[in-house]
Each structure stands twice: as structure tokens, then as C-alpha cells.
Amino acid sequence: MSPARTSPPTEGPQLGLRERKKIKTRTAIRDATYALIEEQGYDATTIEQIADRAEVSPSTVFRYFPTKEDIVITDEHDPVLLAELTARPADEPWLDSLRYVTKKAVALGLEQEPEITRLRARLMVTVPTVRARMVDGMADTGRRIAEAVAARTGLDPGGLEVRVFTMSLVGGVTEIFLYWAENDFRDDPADLLDRALAVLEHGLTPAKP
């Protein structure tokens, strides 16, 4: 199996030299981390090993990623997807906008980084610290989505209704990937997403007696 590699963003405005160098360094650190985890496991992989494999100093690794967990869960896709969400038609129902963008996010990971996407999901299931950091990261994503929701609806991004709506979404996405990994990646994540959004839209359907 070929080494898992991350993919820099290919959409959006052209980046300056400084930002391209930052992305190149982040990508090198992530690629080194994923390769080492595949070779020897998550717990055995150290920041010093990652730095050596990526040909940077340990301080550089920490400058880009405060913790090892951050290396695993961070990608370059959030800004692109949030821009997509903001650009959706103003009269489009919110759930349709979120369905479009969330499906695009899932497809992006599976098309550009299939091995990385599965590795992240597997680590979320097997490594409690990765799962905890992923939950924190999804909370930050939820706050950003809440700002987009507020801009569209005129509601307060910190209001209870907006917070419940957006965090239900990001919590659902997290559960999708946990469920996917726990079931040996048998299901199509797009189908799981449709099932999760149906729950948000219609609630639970009681089991038949």
C-alpha cells in the first residue's frame, strides 16, 4: 500500500508564497505523522520522530500544531467549505445548504485523501485523546458555521437556537465517522450523511413492534 499523503487545497484564490510555504510545511508534518502511525502505531510515534521524518525541528512542529492530536485532525479544507456555505443561494433552505456543503466535505476527504480519512476515523475510535481533540475541533467548526447561519438568517450566532442547530450538525458528522469506522468502513459515508440529516430534519422514527 502506498504511503498516505495529504492533499493541499486545490480550490479558491491563489495563495502567496509565504502561505504556500506554510501549507507545504504543514503537509510535510502531517504526511510524516501518518506514515509513522501506520508503521508503528499512534502511541509509539513521538514529536521528535515526526520532526526528523518531516525534516523540520520539533519547535517547528509545535509552532504549527500544539499537540500530536492536532496533527491528526487538522486539514486545509474548512476555509474552502465555509466559503462554499456562504456562497449558497440566500433563498435555499438551510438544511439543503448544509447537506450540499457537508456532502462535499465528505467527498473531498474520500476522493483526495481516502487513506487519511479512514486513518483519522480509526484513530477517533481507538485513541481517546484524538476523539476528544476532534470534538473540540468540531466545536470550533460549529462556531464558524453559526456565524454563516447568523449572516443568512439575521439571528444571533451565540443564540441558543443557532448553537443547538449547528452543534447538532457537527455532532452528527462526528458520529457518522465513528459509526463508519466502528463498522469496518462497510457503509457509504454519503448514505450515512443522508440518514443523519434525516434525523435532524424529521426526528427519530420509532421501531416497529
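Residues numbered from 1 in each chain as written. Predicted model: local features only at pLDDT ≥ 70, side-chain atom pairs only at ≥ 80, totals over all residues. Heavy atoms only, no water.

Trainee: Please clarify how helix α10 (residues 189-202) should be interpreted in this entry.
Mentor: Because an α-helix packs 3.6 residues into every turn, residues spaced three or four apart end up facing the same way. For α10, which comprises 14 residues, the first-to-last C-alpha distance of 20 Å matches the rise-based estimate of 20 Å (1.5 Å per residue) to within 8%. All of the buried residues in α10 are P189, L192, L193 and L197. Considered in projection along α10, the buried side chains sweep an arc of 130° and stay on one side of the axis. In α10, those exposed residues whose orientation departs by more than 90 degrees from the buried face are R195 and H202. Here the buried face of α10 lies against α6 (94-112) and α9 (160-182). The distance from a side-chain oxygen at the start of α10 to the backbone nitrogen of A190 is 2.9 Å, and the residue carrying that oxygen is D188. (Helix = DSSP H or I, 4+ residues; strand = E, 2+ residues; numbered from the N terminus. Expected span 1.5 Å × (residues − 1). Buried < 20%, exposed > 50% of the residue type's maximum accessible area, 1.4 Å probe, protein only. Arc of directions from axis to C-beta. Contact = heavy atoms within 4.5 Å. Polar contact = N/O pair within 3.5 Å; in protein donor to acceptor, adjacent residues only side chain to side chain.)

Trainee: Please explain the packing of aromatic side chains as it appears in this structure.
Mentor: To describe a pair of aromatic rings, you give the distance between the ring centres and the angle between the ring planes. All chains considered together, the criterion is met by 2 aromatic pairs. An angle of 75° between the planes, with centres 5.8 Å apart, marks the rings of F177 and W180 as edge-to-face. With F177 and W180 both in helix α9 and 3 residues apart, this pair spans about one turn of that helix. Like W180, F177 is buried. (Phe/Tyr/Trp six-rings, centres within 6.5 Å; stacked < 30°, edge-to-face > 60°.)

Trainee: Help me understand the side chain of T33 in this model?
Mentor: Its place among the elements puts T33 in helix α1 (residues 17-40). Residues in contact with T33, not counting those within four places in the same chain, are I50 and I71.

Trainee: Explain unusual backbone geometry to me, please; I cannot follow it from the model alone.
Mentor: Both trends apply: most residues other than glycine have a negative phi, and most peptide bonds are in trans. The residue D184 is not glycine, and still its phi comes out positive at about 60°. In the Ramachandran plot, F185 falls in the positive-phi region, its phi being about 60° despite a non-glycine side chain. Looking at the element boundaries, F185 is found in the loop between α9 and α10.

Trainee: I keep staring at the packing of α1 against helix α2 (residues 47-54) and nothing clicks. Help me out?
Mentor: For any two helices packed against each other, one specifies the inter-axial angle together with the distance between the axes. At a minimum axis distance of 8 Å, the contact between α1 and α2 shows a crossing angle of 120°. Comparing their axes, α2 and α1 come out oblique. Handedness of the crossing formed by α1 with α2: right-handed. For the pair formed by α1 and α2, the contact residues are A28, I29, A32, T33, A35, L36, E39 and Q40 on the first element and Q49, I50, R53 and A54 on the second. Tallied by class, residues from the contact of α1 with α2 come to 7 nonpolar, 3 polar and 2 charged. (Axes fitted to C-alpha atoms, helices over the stretch in contact; angles between N-to-C directions. Parallel < 35°, antiparallel > 145°, perpendicular 65-115°, else oblique. Left-handed = near helix turned anticlockwise from the far one by under 90°. Nonpolar A, V, L, I, M, F, W, Y, C, P; charged D, E, K, R; others polar.)

Spatial relationships are all this shows, so hold off on functional conclusions.
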